[in-house]
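# Commentary on secondary and tertiary structure
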Amino acid sequence: MVSWVQALKKTRNVFASAIQGVISDGAEIDELTLEQLEVALIRADLPPRLVAELISDLEENQLHGTQPPKEVLRDGLRARLVMQETDPFDFGVKPACILLLGVNGAGKTTTCAKLAHRAADMDRKVLLGAADTFRAAGTEQLRLWGERLNAPVVSGRQGSDASAVAFDAMDAAHARGMDLLFIDTAGRMHTKSHLMEELRKMVRAIQKRDPEAPHGTWMILDASLGQNSLNQAKIFHDAVPLTGLVITKLDGSSKAGFLFNVHQQLPGIPVLFTGLGEQAEDLVRFDADAFVEGLLSLGSGTGDD
Amino acid sequence: MFDQLTQSLQKTFKNLRGQGKLSEENVKDALREVRMALLEADVHFQVVKDFVAKVREQVMGEDVLNSVSPGQQFIKRVHDEMEALLGEKKVDFDRSTHPMAIVMLGLHGVGKTTTTGKLSRRFKEEGKKVLAVGCDIRRPAAVEQLRVLAEQAGVDMLGPNPGETVQALGVRAKNHAVLHGYDVVIYDTGGRLQIDDELVREVADLTSMTGAKNKVLVIDAAMGQESVSVAETFNERCGLTGLILTKLDGDARGGAALSVRSVTGCPILMIGTGEKQEDLQPFYPDRMANRILGMGDVISLVEKAQTMVDEDEMARMEKRMFSGKMDLEDFLKQLQQMKKLGSMTQIMDMMPGMPNVSAEQKAKAAEQGQTQSKRFEAIILSMTPRERQRPQLINSKRRQRIAAGSGTRVKDVNDLLKQFKQTQKMTKKLKAFKGGMGGKAARHMARSMR
Ligand SMILES: Nc1nc2c(ncn2[C@@H]2O[C@H](COP(=O)(O)OP(=O)(O)OP(=O)(O)O)[C@@H](O)[C@H]2O)c(=O)[nH]1
Ligand SMILES: Nc1nc2c(ncn2[C@@H]2O[C@H](COP(=O)(O)OP(=O)(O)OP(=O)(O)O)[C@@H](O)[C@H]2O)c(=O)[nH]1
Ligand SMILES: [Mg+2]
Ligand SMILES: [Mg+2]
């Protein structure tokens, strides 16, 4: 399994020098370094208004505070992240049904496979529901993953009703005594109200089988996107209240700083996992410290790529 | 499309507009707002910096501070600069070779395969013989996905043999295309990170070994600050010739478009506005700039209306309208034509003034609009032909019958008749106008009102 640190090493260390200069303990902060710092945070896709806030905190600290700037910044960021300490697979019910949602191409299907792999590793019995009946070969993609991972997949024909597939998957999960059911849904643009309505319909179908379901509604967020991610999350949350987030593609050079905005506007939804590659094993638990470290690029000064 | 950026800029300009003259101080304020808005729109920080510097220079350098309407001048400066940044004109693919070849490149999940399908369909509609080549040898069902899309587009598709490398497949496809007289070959590659040297080398090889003239980077309109580094690397390694922006049917502000365009100098060739094969549109920088500044995209709307709506039907209707003979039959046809225009949200995105409305409000209004036209349609369909031709016949008894027949309420029937009357009144006014203006000008008016 790829570790977070290993994955981050792959990332070109674009602003290491800028930030390291600033945040090494006791460093003087002048206008120039503050500007560099601002740029570094902006480049990490942090919401610009939060960046302005952080910078003024640093200025303030310089005048009155005693804490080293490095810690001020790190603490400021770390305090804003939400993670969950307990096992995300532990719902106390069987089968627990988890719905994976998100905009087009975010990484839902791949994450579904990764979750199945991880759950099987933890000796849970897993079923996958291929409820993307819309996209060309969307179902086929998950079926192939199921074959590779030796996980059973419930699917329907392309163009068939996604809610029906979700219901069938629920049925099968009960009948076959599964621990976990992950349902992969079609990518949908949050601006399309009929597609968001389809999502609600899918939830109602699942609830026909189990009124408590879905036990998890996890939104998949692509790390390479920018500030629009907030709007995506908000509208998905309006349609189906979210219980968790997964950040994919963090093995790329993007840092997903938009996450701070999501946390601020939709408080209390923890980040559960991060995707660090295209393979089934490239999924790790979200680690807020590592995330902040990654943002600050912090490549501990070794200077290698 | 670029809703929020529009909103922020509009707010700035509203403040500026109130003032007779611009002081250096409020130029500074306005530029700070512009800067913030552009950053929030995901425009790359360096592009923002250069942009703001240029605008400041122009605003300060000229006699703007003493001009009559400095606020408007300011808007014009920002607009012109933004338009220049987006590129000046519509650019086509490089068609200088036969077959012409296009390689699709980009990060994971941005829309390369879908866009390959869309382009295949487009070239096929031009009468070209198209070959789509599935070069994604890694992602599960990637080749199958392209196979389905190629079939939908009605073009041929070539996939990898077991164990074949991307390079080998590229060369085989190229030879196959020459041998079988294809006009267009489109290579769909798998998603890859720009920092993955080995995989970038693979597509660099593919582009050089196939000699493809078109090396197109596909970018998600919602992409963040790294868009520039992605584009720079692909450009260095593969020599990009164009960009395609996808997922503009979302509400991303689309700063990546500005960034990548200005950093690579490559034109934006097309935009993707949905998942279906027809959701591919030309990119017009001037309209996009207008749109960013809140002037709406009226031209696109009018053009869309023209391609979707039956021209003959419209001409006939126009004639009837001006002759004062419009009846409910015509009204029904109008409703049906409107439906063809596609989703109301899409249309509303193009209308001026709409950027002030939130996505949710828009979706809601569109939904209401759609339900209403559906209802109206049902009501008219429940009328007798005589009633449709002579709406004045419809008394209260008939109203009850029509409501029952169409599953609506009498109030709905009344609403319809009221709206019809209003439309009639409008056309009468137009008719008077036409009379006063003479044929040609009136036709022009009528056309621009569609
Ligand atoms: N580098 C990297 N690529 C990823 C990661 N997760 C997914 N991908 C890739 O992103 C692309 C899209 O992933 P999918 O799982 O198909 O995305 P999706 O959300 O199911 O897409 P739709 O169903 O079409 O909306 C694929 O090429 C995946 O291999 C990740 O963590 N890192
Ligand atoms: N809403 C919307 N969705 C789009 C658009 N273009 C592509 N998509 C969707 O985005 C998702 C990913 O598209 P793909 O064509 O599979 O992307 P890709 O770049 O080939 O992905 P990989 O090969 O896995 O890297 C699919 O769900 C597409 O339907 C667009 O313009 N608008
Ligand atoms: Mg999928
Ligand atoms: Mg693809």
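Computed from a predicted structure; not experimentally measured.

What follows deals with the overall build of chain A. Assigned secondary structure in chain A consists of twelve helices and eight strands. In chain A, which comprises 305 residues, the proportion classed as buried is 53%. Once local pairs closer than 6 in sequence are excluded, the contacts in chain A between residues at least 24 apart make up 77%.

This part takes up the overall build of chain B. A tally of regular secondary structure across chain B gives 20 helices and eight strands. A total of 450 residues make up chain B; the buried ones form 43% of that total.

A few words now on the interface of chain B and chain A. How big an interface is tends to be stated in terms of accessible area lost as the parts join. Chain B puts 36 residues into the contact, and the matching count from chain A is 37 residues. Classifying every residue of the side of chain B that touches chain A gives 16 nonpolar, nine polar and eleven charged.

Residue and element names in this part refer to chain B. Looking at chain B, the pLDDT average stands at 81 and 72% of residues meet or exceed 70. Within the model, the stretch residues 350-356 combines pLDDT values under 50 with 19 contacts to residues more than four positions away or in other chains. Note on residues 433-450: pLDDT under 50 across the span, and seven contacts to partners over four residues away in sequence or across chains. For this predicted complex, the interface confidence score (ipTM) comes to 0.91, while the overall pTM stands at 0.79.

Another point: the domain arrangement of chain A. All names here are of chain A. Looking at the assigned domains, one finds that chain A contains domain 1 (4-78) and domain 2 (96-287). The partner domain 2 presents 15 residues to the eleven residues of domain 1 that form the contact. In terms of residues, the side of domain 1 that touches domain 2 owes the most to one element, helix 1 (residues 4-10), which gives three residues.

The next point concerns the site of ligand 1. Around ligand 1, the structure places 27 residues, and the nearest of them are Gly107, Gly187 and Gly275 of chain A together with His108 and Gly109 of chain B. Proximal residues around ligand 1 fall on chains A and B, making this an inter-chain site. Among the elements that make up the shell around ligand 1, the one with the highest residue count is helix 6 (residues 108-121) of chain A (three residues). Among the residues forming the shell around ligand 1, the class breakdown is four nonpolar, 15 polar and eight charged.

Lining the immediate environment of ligand 2, one finds 26 residues, of which Asn104 of chain A together with Gly111, Thr114, Gly191 and Gly272 of chain B sit closest. Examining the composition of the shell around ligand 2, we find that three residues originate from one element, helix 5 (residues 112-125) of chain B, more than from any other. A breakdown of the residues in the shell around ligand 2 according to their chemical character gives three nonpolar, 15 polar and eight charged.

So, about the sheet that holds strand 6 (residues 244-248) of chain A. Residue and element names in this part refer to chain A. Spatially, the eight strands line up as an open sheet ordered 3-2-4-1-5-6-7-8, and their pairing is mixed. Among the strands making up the open sheet, the edge pair consists of strand 3 (153-155) and strand 8 (283-285). With direction set aside, neighbouring strand axes in the sheet form an average angle of 25°. Of the strand pairs in this sheet, strand 5 (residues 216-222) and strand 6 are connected by five bridges, and their pairing is parallel. Within strand 6, the residue paired with Asp222 across the bridge is Thr248. Strands in contact with helix 6 are strand 1 (96-101), strand 2 (126-131), strand 4 (180-185), strand 5, strand 6, strand 7 (271-275) and strand 8; relative to strand 4, the strand with the most contacts, it is inclined by about 170°. Set on the sheet, helix 8 (residues 162-175) makes contact with strand 1, strand 2, strand 3 and strand 4; between it and strand 2 the angle comes to about 170°.

Our next topic: the sheet that holds strand 2 (residues 130-135) of chain B. Within a sheet, adjacent strands bond to each other through the backbone by hydrogen bonds, running parallel or antiparallel. Residues and elements named next belong to chain B. Pairing in this open sheet of eight strands is mixed, and the strands run 3-2-4-1-5-6-7-8 from one edge to the other. The open sheet terminates on both sides in strands that have one partner only, identified here as strand 3 (156-158) and strand 8 (280-282). Taking each pair of neighbouring strands and ignoring which way they run, the sheet shows an average axis angle of 25°. Pairing between strand 2 and strand 3: three bridges, direction parallel. Paired with Leu131 across the bridge in strand 3 is Asp156. Docked against the sheet, helix 8 (residues 197-210) engages strand 1 (100-105), strand 2, strand 4 (184-189) and strand 5 (214-220), running at close to 175° with respect to strand 1. In this fold helix 10 (residues 255-264) packs onto strand 5, strand 6 (242-246) and strand 7 (268-272), with an angle of close to 175° to the strand it touches most, strand 6.

Residues and elements named next belong to chain A. Relative to the 20 Å expected for 14 residues at 1.5 Å per residue, helix 6 spans 20 Å between its end C-alpha atoms, a close match to the ideal helical length. Summarising burial for helix 6: twelve of the 14 residues are buried, a large majority. Among the residues making up helix 6, those that are buried are Lys108, Thr109, Thr110, Thr111, Cys112, Ala113, Lys114, Leu115, Ala116, His117, Arg118 and Ala119.

Another aspect to go through is helix 7 (residues 138-149) of chain A. End to end, helix 7 of chain A covers 17 Å across twelve residues, agreeing with the expected 16 Å (1.5 Å per residue, within 8%). Residues Gly138, Thr139, Glu140, Gln141, Leu142, Trp145 and Gly146 of chain A constitute the buried set of helix 7 of chain A. Packed against the buried residues of helix 7 of chain A are helix 6, strand 2, strand 3 and strand 4 of chain A together with helix 6 (142-153) of chain B. Phi for Asn150 of chain A, located one or two positions after helix 7 of chain A, is positive at around 65°.

Turning our eyes to something else, we now look at the nonpolar core. Residues Ala166, Leu181 and Phe182 of chain A are the most contacted members of the largest nonpolar core, which totals 173 residues. The residues contacting Ala166 of chain A, other than those within four sequence positions of it, are Gly129, Ala131, Ile183, Met202, Ala205 and Ile206 of chain A. In terms of nonpolar packing, the next biggest core, distinct from the first, is built from ten residues, Leu328, Ile379, Ile380 and Val413 of chain B among them.

Attention shifts here to the environment of Leu73 of chain A. In this fold, Leu73 of chain A is placed in helix 5 (residues 69-78). Here the alpha-carbon distance between Leu73 of chain A and Ile55 of chain A, two residues 18 residues apart in the chain, equals 8.7 Å.

With that settled, the discussion passes to the environment of Gln227 of chain A. In this structure, Gln227 of chain A sits in the loop between strand 5 and helix 10 (228-239). Residue classification places Gln227 of chain A among the buried positions, given that 24 C-beta atoms sit within 10 Å.

This brings us to unusual backbone geometry. A cis amide bond links Lys94 of chain A to the next residue, Pro95 of chain A, at an omega of -5°. Turning to its location among the elements, Pro95 of chain A is positioned in the loop between helix 5 and strand 1. The amide bond that connects His98 of chain B to the next residue, Pro99 of chain B, takes the cis arrangement and shows omega of -5°. Tracing the sequence through the fold places Pro99 of chain B in the loop between helix 4 (70-86) and strand 1. With a phi close to 60°, Asp123 of chain A is a non-glycine residue in the positive phi region. Secondary-structure assignment places Asp123 of chain A in the loop between helix 6 and strand 2. Here Lys247 of chain B, not a glycine, exhibits a phi torsion of approximately 65°, which is positive.

What follows is about the confidence of the model for chain A. All names here are of chain A. Taken over all residues, the pLDDT of chain A has a mean of 87, while the share at 70 or more is 86%. With pLDDT under 50 throughout, residues 9-19 is counted as low confidence; its partners more than four residues away or in other chains account for 25 contacts. Under a pLDDT of 50 for its full length, residues 298-305 has, in the predicted model, six contacts with residues more than four places off or in other chains.

Residue and element names in this part refer to chain B. Contact pair helix 5 / helix 6: the axes reach a minimum separation of 9 Å and the direction vectors enclose 25°. Taken together, helix 5 and helix 6 sit at an angle that is classed as roughly parallel. As for how helix 5 packs across helix 6, the hand of that crossing is right-handed. Together, Thr113, Thr114, Thr116, Gly117, Ser120, Arg121 and Lys124 of helix 5 and Ala142, Gln145, Leu146, Leu149, Ala150, Gln152 and Ala153 of helix 6 make up the contact between the two elements. In terms of residue class, the contact of helix 5 with helix 6 is made up of five nonpolar, seven polar and two charged.

Cut-offs used in this document
Every chain is numbered on its own, with residues counted from 1 as its sequence reads. Both sets of labels track the order of writing: A upward for chains, 1 upward for ligands. In keeping with the predicted nature of the model, local features appear solely for residues at pLDDT of at least 70, side-chain atom pairs appear and are counted solely at 80 or more, and the whole-chain, interface and lining totals rest on all residues. The helix and strand labels rest on DSSP assignments: H or I over at least four residues marks a helix, E over at least two residues marks a strand, and numbering proceeds from the N terminus. Here a residue counts as buried when 20 or more other C-beta atoms fall within 10 Å of its C-beta, as exposed when 12 or fewer do, and as partly exposed in between; the C-beta atoms come from the backbone. Our contact criterion uses C-beta atoms placed from the backbone: two residues qualify when those atoms are within 7 Å. Side-chain classes follow a simple rule in which Ala, Val, Leu, Ile, Met, Phe, Trp, Tyr, Cys and Pro form the nonpolar group, Asp, Glu, Lys and Arg form the charged group, and the remainder, Gly included, forms the polar group. For every residue, the pLDDT score states the predictor's confidence, bounded by 0 at the bottom and 100 at the top. Here the bounds of each domain stem from an automatic or database domain assignment. Any residue qualifies as near a molecule or strand once its backbone-derived C-beta atom lies within 6 Å of it. The pairing criterion is simple: DSSP has to find at least two bridges between the two strands. Axis definition: a line fit to C-alpha positions, over the contact stretch in the case of helices; interaxial angles, taken between N-to-C directions, run 0 to 180 degrees. Take the residue count of a helix, subtract one, and multiply by 1.5 Å to get its expected span. Think of a nonpolar core as buried Ala, Val, Leu, Ile, Met, Phe, Trp, Tyr and Cys residues chained together by C-beta atoms that fall within 7 Å. Throughout, the term roughly parallel applies to angles under 35 degrees, roughly antiparallel to angles over 145, roughly perpendicular to angles from 65 to 115, and oblique to all others. We call a crossing left-handed when the near helix sits turned anticlockwise from the far one by less than a right angle, and right-handed when that turn is clockwise.

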